[in-house]
Amino acid sequence: MVQQTDVLIIGGGVIGCAVARELSRYDVSITVLDRAWDVAEGASKANSGIVHAGYDAVPGTLKAKYNVEGAQMLPALCEELGVPYRQCGALVVGFSEEDRGTLETLLARGEANGVPALRIIGKEELLSLEPHLNPQACCALLVPTSGIVSPYELTFAFADDAALNGVRFRFGAEVKSVERLSDGSFEAKTEHDTWRCRILVNCAGASSADLHNQLSPEKKKIIHRRGQYYLLDRPVSAPFERTIFQCPSAMGKGVLVSPTVHGNVLLGPSAEDIDDPLDTETTQSGLDSVMDRVRLTWPDVSLRTNITNFSGVRAHEEGGDFIIGPVAGSPGAYEATGIESPGLSSAPAIGRALAEMISHEQELVRKERIRPYEKPPIPFREMTPAQQQEALEANPLYGSIICRCEVITEAEIVAAIHRPVPATHIDAVKRRTRAGMGRCQGGFCSPRVASILSRETGIPLTEVTKNGGNSYLLTGTLTENAERSDRT
């Protein structure tokens, strides 16, 4: 089937959704396509959640420009959208005089990039700030403006705001090919549909270079770099107040130990180049490499409270920098290619910059009215007793706790299912509400979430999926299976 839209955005990660939100302010039809069954299903959900201040990027690069701009935008933006964010600060820790030289280089870069309040501190101050650090640490770069954010919740907020203002989202729609037609328009083919548009925006993450190379004579190459993580349960007392980095290497910013905005502790990532961009398995060797590095930072680390392991694949363009702007040799096409760390920190600035380029060059007209975004209520678990009582009186479903580990109510799950970009499967509910993200990892609440999804969407319980597509959880009732067994 042939489908028409003015603007076609390929990729529903944090970058694609940031662009969609910005472009939704203009009087054009916009469609976002993604191969997965929700937004934020790629690297946008599987990363460290760090808002990098901008000390690591080489001055003069697009990484430096958009990292610093995006990091400065995020505090106010997260407040506006109701996205968890905390400016906890960071330390880049050195264990030798050679590391001290690396820290001095990072300090000079950060100052050149305009990052405020950076300074190198000695051992005594370092251990007074973070007493659980390895006492062999001798120095560190103190980065007060570094922060942490929920990356998938930021993506959901961008997507919901865009959908409220007319953007369509289509999932399970992997783009197989793109082509610029003789009339200057574009054609993108998925397994089921052909999409035609006059403006194409490539935000396809791991596949961005493949699409770029179909449109441009200037070829690009993505190196797929997998990072594996440990996620620990919320401790009674946080071991570190700040994100703790080791000195970076050519493979990335190194293994970190960091609090998350939800109170967990994150360890990782590893860094391994792989061939398959969809290979997000975790391996014993990869996880062992994480722990070998983590113990240098935190000798007393224990995995007794490990909740889960996960991995994400970042798209490292072999040139080492972001590629943002018009696609060379293909007027009307734009891209954000090779967006790896600090892509999350840069997302608001990249979205704004691409939208400004497109609106100026394509002479887009701003809408007279924008539907305002209404940020969601604070989570039930974070309410005061008086607020909880008030919420319960307004909506009795707040009285039903579905996820015991994270204290998630039925009201919150129902709200997630009816968001502008709705949660349509169990993992989508999990990331919007945290139901299933606690110690039991959904062992208690998943059946109840499935039942609520069935009730609210009208689909049979046997058609509820874990993460879309064919990831069905149930094959029928016990009675149906018993009858089927008797017949065979």
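Residues numbered from 1 in each chain as written. Predicted model: local features only at pLDDT ≥ 70, side-chain atom pairs only at ≥ 80, totals over all residues. Heavy atoms only, no water.

Our next topic: the pattern of salt bridges. With the rule as written, the count across this model stands at 29 salt bridges. A salt bridge links arginine 35 to glutamate 174; the shortest N-O distance between them is 3.4 Å. Separated by 139 residues along the polypeptide, arginine 35 in the loop between β3 (30–33) and β4 (50–51) and glutamate 174 in the loop between β10 (168–170) and β11 (177–180) bring together distant segments of the chain. Judged by relative accessible area, which is 32%, arginine 35 ranks as partly exposed. (Salt bridge = Lys/Arg side-chain N within 4 Å of Asp/Glu carboxyl O. Helix = DSSP H or I, 4+ residues; strand = E, 2+ residues; numbered from the N terminus. Buried < 20%, exposed > 50% of the residue type's maximum accessible area, 1.4 Å probe, protein only.)

What follows is about the domain arrangement of the protein chain. Split by domain assignment, the protein chain resolves into domain 1 (2–44 + 151–221 + 320–361), domain 2 (84–147 + 223–316) and domain 3 (380–479). Across the contact, eight residues belong to domain 2 and eight residues belong to domain 3. When the two sides are added together, the surface that domain 2 and domain 3 hide from each other amounts to roughly 600 Å², 34% of it contributed by carbon and sulfur. Area buried by domain 2 at its contact with domain 3 is led by Arg234, His262 and Ile307, which between them contribute 63% of it. With its nearest N and O atoms 3.0 Å apart, the salt bridge here joins arginine 439 to aspartate 233. Run the count over domain 2 and domain 3 and you get three residue pairs in polar contact (both at pLDDT 80 or more). Here the residues of the side of domain 2 that touches domain 3 are counted per class, giving one nonpolar, four polar and three charged. (Domains from an automatic or database assignment. Contact = heavy atoms within 4.5 Å. Buried area = accessible area lost by both parts, 1.4 Å probe. Polar contact = N/O pair within 3.5 Å; in protein donor to acceptor, adjacent residues only side chain to side chain. Nonpolar A, V, L, I, M, F, W, Y, C, P; charged D, E, K, R; others polar.)

Glancing now at the packing of aromatic side chains. On inspection of all chains with the given rule, the structure shows five aromatic pairs. Taken together, a centroid distance of 4.8 Å and an interplanar angle of 15 degrees make the contact between tyrosine 229 and phenylalanine 310 stacked. Here phenylalanine 310 lies in strand β20 (residues 306–317) and tyrosine 229 lies in strand β15 (residues 222–232), a separation of 81 residues in the sequence. Taking the relative accessible area as the measure of exposure, tyrosine 229 reaches 4% and is therefore buried. Taking the centre distance of 5.5 Å and the plane angle of 85 degrees together, the rings of phenylalanine 240 and tryptophan 298 count as edge-to-face. A residue pair is termed long-range when its members are at least 10 positions apart, and phenylalanine 240 in the loop between β15 and β16 (243–246) and tryptophan 298 in the loop between α7 (284–297) and β20 qualify at 58 residues. With respect to burial, phenylalanine 240 and tryptophan 298 carry one shared label: buried. The ring of tyrosine 66 has lysine 65 sitting right over it, with the charged end atom 5.4 Å from the ring centre. Here arginine 432 stacks its cationic end above the ring of phenylalanine 156, 4.0 Å away from the centre of that ring. (Phe/Tyr/Trp six-rings, centres within 6.5 Å; stacked < 30°, edge-to-face > 60°. Lys NZ or Arg CZ within 6 Å of the ring centre and 35° of its normal.)

If you trace the three strands from one edge of the open sheet to the other, you get β4-β9-β5, paired in antiparallel fashion. Each edge of the open sheet is held by one strand with a lone partner, namely β4 and β5 (85–86). Relative to strand β9 (residues 147–149), β4 is paired through two bridges, and the arrangement is antiparallel. Within β9, the residue paired with isoleucine 50 across the bridge is isoleucine 148. (Pairing = 2+ DSSP bridges.)

We now examine the pairing of β11. Looking along a regular strand, one sees side chains alternate from face to face of the sheet. In this sheet, strand β12 (residues 186–189) lies alongside β11 in antiparallel orientation, the contact comprising four bridges. Residue pairing for β12: valine 178 is matched across the bridge by alanine 188. Counting the residues in the hairpin turn of β11 and β12 gives five residues, including glycine 184, whose phi is positive at 90 degrees.

Each pair of packed helices can be described by the angle between their axes along with the distance between the axes. Axis separation between helix α1 (residues 14–23) and helix α5 (residues 151–164) bottoms out at 8 Å; the angle between their running directions is 30 degrees. Considering the angle they form, α1 stands roughly parallel to α5. Here α1 runs over α5; the crossing is left-handed. Each of Val14, Cys17, Ala18, Ala20 and Arg21 in α1 lies in contact with α5, whose residues at this interface are Leu154, Thr155, Phe158, Ala159, Asp161 and Ala162. Classifying every residue of the contact of α1 with α5 by side-chain character gives eight nonpolar, one polar and two charged. (Axes fitted to C-alpha atoms, helices over the stretch in contact; angles between N-to-C directions. Parallel < 35°, antiparallel > 145°, perpendicular 65-115°, else oblique. Left-handed = near helix turned anticlockwise from the far one by under 90°.)

Turning to the sheet that holds β12, a few remarks are in order. Within a sheet, neighbouring strands are paired by backbone hydrogen bonds and run either parallel or antiparallel to one another. One open sheet holds the four strands; their spatial order is β1-β13-β12-β11, and the pairing between them is mixed. Each edge of the open sheet is held by one strand with a lone partner, namely β1 (2–4) and β11. Neighbour-to-neighbour, the strand axes of the sheet open up by a mean angle of 20 degrees, direction not taken into account. Helix α6 (residues 208–215) contacts β11 and β12 of the sheet and is inclined by roughly 30 degrees relative to β11.

Below, the discussion takes up the layout of surface pockets. Gaps left between atoms are located by rolling a probe of water-molecule size over the structure's atoms. Counted as a void, the second largest pocket has a volume near 1000 Å³. Lining the second largest pocket are 40 residues, with Gly82, Lys375, Pro376, Pro377 and Arg419 positioned closest to its centre. Taken together, the elements giving at least two residues each to the lining of the second largest pocket come down to α2 (62–81), α5, α10 (410–417) and α11 (426–433). No other element matches the five residues that α10 contributes to the lining of the second largest pocket. The class makeup of the residues in the lining of the second largest pocket is 22 nonpolar, five polar and 13 charged. (1 Å grid on protein atoms, 1.4 Å probe; cavity = no way out; pocket = protein on both sides within 12 Å on 5 of 7 lines; lining within 4 Å. Points joined across faces, edges and corners; volume = space filled by probe spheres on them.)

Right, let's get into α5. If you check α5, its first and last C-alpha atoms are 20 Å apart, about what 14 residues at 1.5 Å a residue would give, namely 20 Å. Across the 14 residues that make up α5, a large majority, 13, are buried. Downstream of α5 by one or two residues, glycine 166 has phi in the positive range, about 100 degrees. (Expected span 1.5 Å × (residues − 1).)

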